[in-house]
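# Secondary and tertiary structure notes
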Amino acid sequence: MTALQQLQPTSHSLLSALPSGWVGEILDGELVASPRLSVAPARAAFMMGVELGERLDPRRGGKGRWCFLRAPELHLGEDILVPDLAGWRRERVAAPPEPGAAFFTLVPDWVCEVLTPATTALDRARKLPLYGRAGVSYVWLVDPVARTLEVYQRLKRGWLLTASHEDDALVRAEPFTSVSLELGSLWLPDAPEEMPRLVAVP
């Protein structure tokens with residue numbers, strides 16, 4: 001369950017005091033705590049980073065001009081957001097990020113949120129408008145249960161859903177139309193019945 005707490009003067013310090021397994025954000029003056037990604041969403045986020053990084057981040061051997069980060073802390077005005085993935089066009093990044101940087105103030109060109117039962121409403125109703133207000137140009141919403149990808153582009157009148165993909169589609173979507181993304185690589189493979197499943201132990 002997503003927990004909400006009214007913002008107090010010490011809320012920034014409370015972000016680091018949250019229990020292990022929770023991610024804190026400050027949205028419109030409220031401290032919001034969400035559980036960390038479980039297995040299926042975590043794989044989707046990781047593989048999205050792998051797929052895009054290998055093709056578009058020169059430091060990973062890609063031929064594009066992008067810088068990607070996994071779960072960066074973004075300070076965008078008064079809001080603090082932690083998307084599952086974020087990307088900046090290299091021409092907007094004057095120098096590599098400081099290795100010890102705790103957060104970033106440069107607005108990403110693209111963010112990706114992986115939906116979970118605990119965060120779907122938060123990502124759609126709360127964070128999407130804040131990304132638009134901050135100036136993010138593209139937002140991708142990935143649902144590992146429905147196995148879908150929604151692509152949103154920011155226009156003057158708000159967000160426009162420009163494409164929706166599902167299952168094992170090969171995707172060419174803004175802002176990465178130069179590459180083809182194998183959507184099926186994001187999902188957990190279907191385990192054969194005779195094979196044991198990984199079980200989380202408390």
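Presented here is a report on the structure given in the accompanying data block. What you see is a predicted model; the values in this text were computed from it and never measured.

### Quick look at helix α2 (residues 39-56)
Spanning 18 residues, α2 covers 25 Å between terminal C-alpha atoms, matching the ideal 26 Å at 1.5 Å per step. Buried within α2 are the following residues: Pro41, Ala44, Ala45, Met47, Met48, Glu51, Leu52, Gly53 and Leu56. For α2, the secondary structure elements touched by its buried residues are β4 (66-70), β7 (85-89), β8 (110-114), β9 (138-143) and β13 (181-182).

### What to know about helix α3 (residues 120-134)
The terminal C-alpha atoms of α3 lie 20 Å apart, and with 15 residues this matches the ideal 21 Å at 1.5 Å per residue to within 8%. Taking the largest bend as the criterion, α3 deviates by roughly 40 degrees, centred on Lys127, and proline Pro129 comes between one and four positions later. Considered for burial, the residues of α3 that qualify are Leu122, Asp123, Lys127, Leu128, Leu130, Tyr131 and Gly132.

### Overview of the pairing of strand β10 (residues 148-155)
Here 6 bridges tie β9 to β10, and the two strands are oriented antiparallel to one another. By the bridge assignment for β10, Val139 is matched with Tyr152. Between β9 and β10, which pair antiparallel one after the other, the connecting turn spans 4 residues, and Arg147 there sits at a positive phi close to 60 degrees. Taking the residues that link successive antiparallel strands as the turn, the β10-strand β11 (residues 158-166) hairpin has 2 residues.

### Points about unusual backbone geometry
Looking along the chain, the bond that leaves Glu174 and enters Pro175 is cis, with omega of 5 degrees. Following the sequence through the fold, Pro175 ends up in the loop between β12 (170-171) and β13. Backbone geometry places Asp28, a non-glycine residue, at a positive phi of 50 degrees. By the secondary structure assignment, Asp28 is in the loop between β2 (22-27) and β3 (30-35). Look at Asp28 and you get partly exposed, because its relative accessible area is 47%.

### As for the pattern of salt bridges
Enumeration according to the criterion identifies 10 salt bridges in this entry. For Arg133, the salt bridge goes to Asp28, with nearest N and O atoms at 3.0 Å. Linking Arg133 in helix α3 with Asp28 in the loop between β2 and β3, this pair joins segments that are 105 residues apart in sequence. Look at Arg133 and you get exposed, because its relative accessible area is 55%. Several salt bridges converge on common partners, so that one network encompasses Glu25, Glu113, Asp123 and Lys127.

### Details of the side chain of Thr119
Checked against the element boundaries, Thr119 lands in the loop between β8 and α3. A polar contact is formed between the side chain of Thr119 and the side chain of Thr116, at a distance of 2.9 Å.

Scoring rules and cut-offs
Residues numbered from 1 in each chain as written. Predicted model: local features only at pLDDT ≥ 70, side-chain atom pairs only at ≥ 80, totals over all residues. Heavy atoms only, no water. Helix = DSSP H or I, 4+ residues; strand = E, 2+ residues; numbered from the N terminus. Expected span 1.5 Å × (residues − 1). Buried < 20%, exposed > 50% of the residue type's maximum accessible area, 1.4 Å probe, protein only. Contact = heavy atoms within 4.5 Å. Bend = angle between axes of the 7 residues up to and from the residue. Pairing = 2+ DSSP bridges. Salt bridge = Lys/Arg side-chain N within 4 Å of Asp/Glu carboxyl O. Polar contact = N/O pair within 3.5 Å; in protein donor to acceptor, adjacent residues only side chain to side chain.

Shape descriptors only; they carry no functional weight alone.
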